[in-house]
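Descriptive analysis of the structure
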Amino acid sequence: MRYSGIRVIKEALSGHKGWGPLWRDPEPKPHYDFVIIGGGGHGLATAYYLAREFGESRIAVLERGWIGGGNVGRNTTIIRSNYLLDGNEPFYEFSLKLWEGLEQDFNFNAMVSQRGILNLVHTDAQRDAARRRGNAMILNGSDAELLDTEGVRKLYPFLNFDNARFPIKGGLLHRRGGTVRHDAVAWGYARGADQRGVDIIQNCEATGFKIEDGKCLGVETTRGFIGAGQVGVSVAGSSSRVMALAGMRLPMESHVLQAFVSEGLKPVLPGVITYGAGHFYCSQSDKGGLVFGGDIDGYNSYAQRGNLPVIEDVAEGGISLIPALGRVRLLRAWGGIMDMSMDGSPIIDNTHIEGLSFNGGWCYGGFKATPAAGWCFAHLLKTGQPHETATAYRFDRFRRGYMIDEKGQGAQPNLH
Ligand SMILES: Cc1cc2nc3c(=O)[nH]c(=O)nc-3n(C[C@H](O)[C@H](O)[C@H](O)COP(=O)(O)OP(=O)(O)OC[C@H]3O[C@@H](n4cnc5c(N)ncnc54)[C@H](O)[C@@H]3O)c2cc1C
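**Some details on the overall build of the chain**
From N to C terminus, the chain includes 10 helices and 18 strands. Computed over its C-alpha atoms, the radius of gyration of the chain comes to 21 Å, within 12% of the 22 Å expected for a compact globule of 416 residues. The dimensions of the chain, computed from C-alpha atoms along their principal axes, are 65 × 65 × 40 Å. Counting over 416 residues, the chain shows a buried share of 49%. Long-range contacts, defined here as pairs at least 24 residues apart, represent 75% of the contacts in the chain between residues at least 6 apart.

This is how it looks when you write it as structure tokens:
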């Protein structure tokens, strides 16, 4: 069924009896050409593009829990293409272009909203860095505008401009950045993949790999063995655990990141803002809640819940930037598990085991990457070669010394 305005009117006039489930609930088959482990945004997008771009149909996505239960339904929904380094920016620009046509492409309302993202600067050195990043973005086909204090004041008059310690000296505005309704992305890709014949198998945990003579022949699961021509692992915060089942130790750690939503307010924030003097970022959902977050919790964990010191730290950052936030009540908070890589950048690569490939290490920035990560992983699974925008995302960059250290923090996952 295609969704359209006419369809909505027709259903409204006939008692809404024609709407069906968005995807089937099939039993696993004994063998597929492609098995993707992980039914998050990336795994579903990979299956979707394998079917839509590369004409494949014998594909299964195995999800341990339910679709949308992982980070794809837990993130703060920000999309952007505002990176500095050559290894990153062409990839994120590719992703943003895919976001721009996504809803028409998979015929689903994902509420893609290019409301702009503003990174605030508070020192002269930060302004220089913002100018340099803006130029790199423009050179890679993205958009960037450097605003002065008055430019920021016009957009966000209620910020704490004259804070003696952290005065706002301007900001880097990326107008095409914005937000997308996160779980609708999972549902849209799941529906689009299902329509193209992909089996989405929920409540099916991968528990092992069958590897013989250096070749991966399939996946052991809680619902039996499933044979595969190619296996793609895309399990975000569980990356180290799942790849350990294949005997691999990844250059990665898992950390918790928390998100927060306030009570509903009248429209106050027109776009996304990030504080440059603390770790705090905020947008307003269409329901009115302020959606915000900050640093990761900073210790290794596989628990999807966070701790109070980070809640306090995020609240401090928020109130220092927007004093009025102190009057707002917090409605909900939750955590997700981040696959933090050593240099803060991801990996989309084959492994030394034939037929086993990996996509992960997205840290806390993988939502915006969803369309491109899916496309590039599908490209890798089908052709064996990296997509032109993902050539830097290889395992061996750590051995070769070609780190993509966007923040310049060194090999310290908790700081990226
Ligand atoms: C609080 C928070 C805020 C964030 N904010 C942003 C943001 O604003 N912008 C941004 O770009 N990124 C953000 N991120 C990061 C982003 O959400 C992730 O990088 C991205 O969603 C990871 O890809 P995914 O959607 O495929 O992950 P997930 O949705 O986590 O998918 C992985 C799936 O694998 C499944 N799985 C795990 N083990 C197995 C197994 N053994 N067998 C079968 N299935 C398995 C899991 O159940 C899960 O559903 C945020 C993350 C969090 C937690």
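**Quick notes on the pairing of strand E17 (residues 347–350)**
By the bridge criterion, four bridges tie E17 to strand E18 (residues 356–360) in an arrangement that is antiparallel. Bridging across to E18, Asp349 finds its partner in Phe358. Once E17 ends, the chain turns through five residues before running back antiparallel as E18, passing Gly355 with a positive phi of about 85 degrees.

**Observations concerning the site of the ligand**
In the vicinity of the ligand lie 39 residues, with Gly40, Gly70, Asn75, Gly336 and Gly366 positioned nearest. Breaking the shell around the ligand down by element, the ones donating at least two residues are helix H2 (41–52) and strand E12 (252–264). Of the residues belonging to the shell around the ligand, the class tally is 13 nonpolar, 21 polar and five charged.

**A short note on the sheet that holds strand E4 (residues 117–121)**
Taken together, the eight strands give an open sheet; going across it, the order is E5-E6-E4-E13-E14-E15-E12-E16, and neighbouring strands pair in mixed fashion. At either end of the open sheet lies a strand with only one pairing partner, and these are strand E5 (145–148) and strand E16 (330–341). Strand-to-strand, the axes of this sheet are offset by a mean angle of 25 degrees, without reference to chain direction. Sheet topology places E12 next to E16; 11 bridges connect them, and they run antiparallel. From the neighbouring strand, Gln258 faces E16, where its bridge partner is Gly335.

Rules behind the numbers
Residues numbered from 1 in each chain as written. Predicted model: local features only at pLDDT ≥ 70, side-chain atom pairs only at ≥ 80, totals over all residues. Helix = DSSP H or I, 4+ residues; strand = E, 2+ residues; numbered from the N terminus. Rg over C-alpha atoms; globule rule 2.2 N^0.38 Å. Buried ≥ 20, exposed ≤ 12 C-beta atoms within 10 Å, placed from the backbone. Contact = placed C-beta atoms within 7 Å. Pairing = 2+ DSSP bridges. Near = placed C-beta within 6 Å. Nonpolar A, V, L, I, M, F, W, Y, C, P; charged D, E, K, R; others polar. Axes fitted to C-alpha atoms, helices over the stretch in contact; angles between N-to-C directions.

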